[in-house]
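A closer look at the structure
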Amino acid sequence: MDTIFALSSGAPPAGIAVVRISGSHARGALERLAGNVPQPRRATAATLRGAEGGALDRALVLWLPGPRTATGEDIAELHLHGGRAVVAAVETELARMPGLRRAQAGEFTRRAFANGRIDLAEAEGLADLLAAETESQRRAAVAMAGGALSRQVEVWRERVLELSAAVEAVLDFGDEDDVGGLPADFSRRVGELGTDIDAWLARPSAERLRDGVRVVLAGPPNAGKSSLFNALLDTEAAIVTDIAGTTRDVIERPVAVEGVPFVLVDTAGLRSGGTDAVEIIGIERAGAELARADIVLWLGAEGEGPAGAVEVAAKSDLPGPSKSGAVATVSAMTGAGIAGLWRVLVDRAGSLLLVPGEVALNQRQRAALVVAADELRHAMGETRPLILAEQLRLARLAFDRLTGRASTENMLDGLFGRFCIGK
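Residues numbered from 1 in each chain as written. Predicted model: local features only at pLDDT ≥ 70, side-chain atom pairs only at ≥ 80, totals over all residues. Heavy atoms only, no water.

Named according to an unreviewed UniProt entry, the protein chain is tRNA modification GTPase MnmE originating from Tsuneonella litorea. Here the protein chain is described in UniProt, under the heading Subunit (unreviewed entry), as follows: "Homodimer. Heterotetramer of two MnmE and two MnmG subunits." Taken from UniProt, the Sequence similarities (unreviewed entry) comment for the protein chain reads in full: "Belongs to the TRAFAC class TrmE-Era-EngA-EngB-Septin-like GTPase superfamily. TrmE GTPase family." (UniProt positions renumbered as here; feature names shortened; annotations may be inferred.)

Here we look at the nonpolar core
In this structure, Leu 228, Phe 262 and Leu 297 are the most contacted members of the largest nonpolar core, which totals 32 residues. Sorting the residues of this core by element identifies helix 8 (206–211), strand 7 (213–218), helix 9 (225–233), strand 9 (260–266), strand 10 (295–298), strand 11 (310–313) and helix 11 (338–350) as the ones contributing at least two each. At seven residues, helix 11 tops the list of elements feeding residues into this core. Beyond its immediate sequence surroundings of up to four residues, Phe 262 is in contact with Gly 212, Val 213, Val 215, Arg 253, Pro 254, Val 255, Val 257, Trp 342, Leu 345, Val 346 and Ala 349. Counting 31 residues, the second-largest nonpolar core is a separate cluster that includes Ala 143, Val 153, Leu 392 and Phe 399. (Core = buried A, V, L, I, M, F, W, Y, C linked by side-chain atoms within 4.5 Å. Buried < 20%, exposed > 50% of the residue type's maximum accessible area, 1.4 Å probe, protein only. Helix = DSSP H or I, 4+ residues; strand = E, 2+ residues; numbered from the N terminus. Contact = heavy atoms within 4.5 Å.)

Remarks on the packing of aromatic side chains
All chains considered together, the criterion is met by three aromatic pairs. On the numbers, 5.6 Å between centres and 85° between planes, the contact of Trp 156 with Trp 200 is edge-to-face. Separated by 44 residues along the polypeptide, Trp 156 in helix 6 (residues 148–173) and Trp 200 in helix 7 (residues 186–201) bring together distant segments of the chain. Taken as a pair, Trp 156 and Trp 200 share a single burial class, namely buried. Directly above the ring of Phe 108 sits Arg 20, whose terminal nitrogen or CZ lies 5.5 Å from the centroid. The ring centre of Trp 200 lies 3.9 Å from the NZ or CZ of Arg 203, which sits over that ring. (Phe/Tyr/Trp six-rings, centres within 6.5 Å; stacked < 30°, edge-to-face > 60°. Lys NZ or Arg CZ within 6 Å of the ring centre and 35° of its normal.)

In structure tokens:
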């Protein structure tokens, strides 16, 4: 297998640039650049030189022999001065060495997975950590990358193996006097395991945490939706006029408040008998957004919005009918009540997102757990040992797919392609 190298720190210029080399030729590359190989895992100052003997940089170098490394292979790290020319000169020298090549996106992490240093769920957590933009995303990603889900899956897997062993004993030795039927508590243990998995499936999804809580502003034309949309974002994102039907399409913007990710969605005014084909399409799209919403801010007449909508009394600076059940009274013109409305949204989002530090399941992980839960549910009422054995085997395979013990190359390509070159 080729030895790979890449810049593993931020793009230059920077104070320090870290170039990582991983593979069987890492030691030779380090010796050729630095003149010798330092003691393992001890940072050592060295002058790096090119093939013609000229100095490239004065750097700190690290020699990390495998398999106890990030990738499971021999690794050398070069901590350079972070100028573009320095990094380019060192990378040029490495590219000239036989057996070395530039790493592809995610290749370091993929090798860590292939060499058993991390499993698939931990790799997904690392990808989420690299993409995290809010505190809640960071904490969930750290928990996943740290193996919180993997450890839980291993506990579930061991419990399934114990249940499978009881079934296999009946299949293999059921005709012997000292082996009876299934244990009396067998069904209870299967049910408890299924309940544990169902509790994890009931958690908010990673997609909601990653993409944001979807907040849709809805109501009739000229209710003040676009003005409130702009006020919440503190920007002129939507066109605001006194003409009914100005907003013809869905406008959405991401925003983070108090570490909580949101997507605010402005929609066309809801009314029957739109004036033209474009407005009618806009109204249809607004209806579709209401179906997707996590939270609906209703700016229309009280009680006419979707069930569970947050009643908002907009245009509080103008005379007009009041909404006795309004959760928030706001004025986009003066800014009155905007902070209070954000407080409502953050509080509502708290019930839709994870408890800090918990793991959020993505769509792939959730699908695998659904299969496991379904098989255990079927096993609850099953008495035939052969069928039971197969149901428990399928549940175990679902756990293996979750952690990557059973996976496909296409899925792995998609995951590791999310990483940057140096990971």
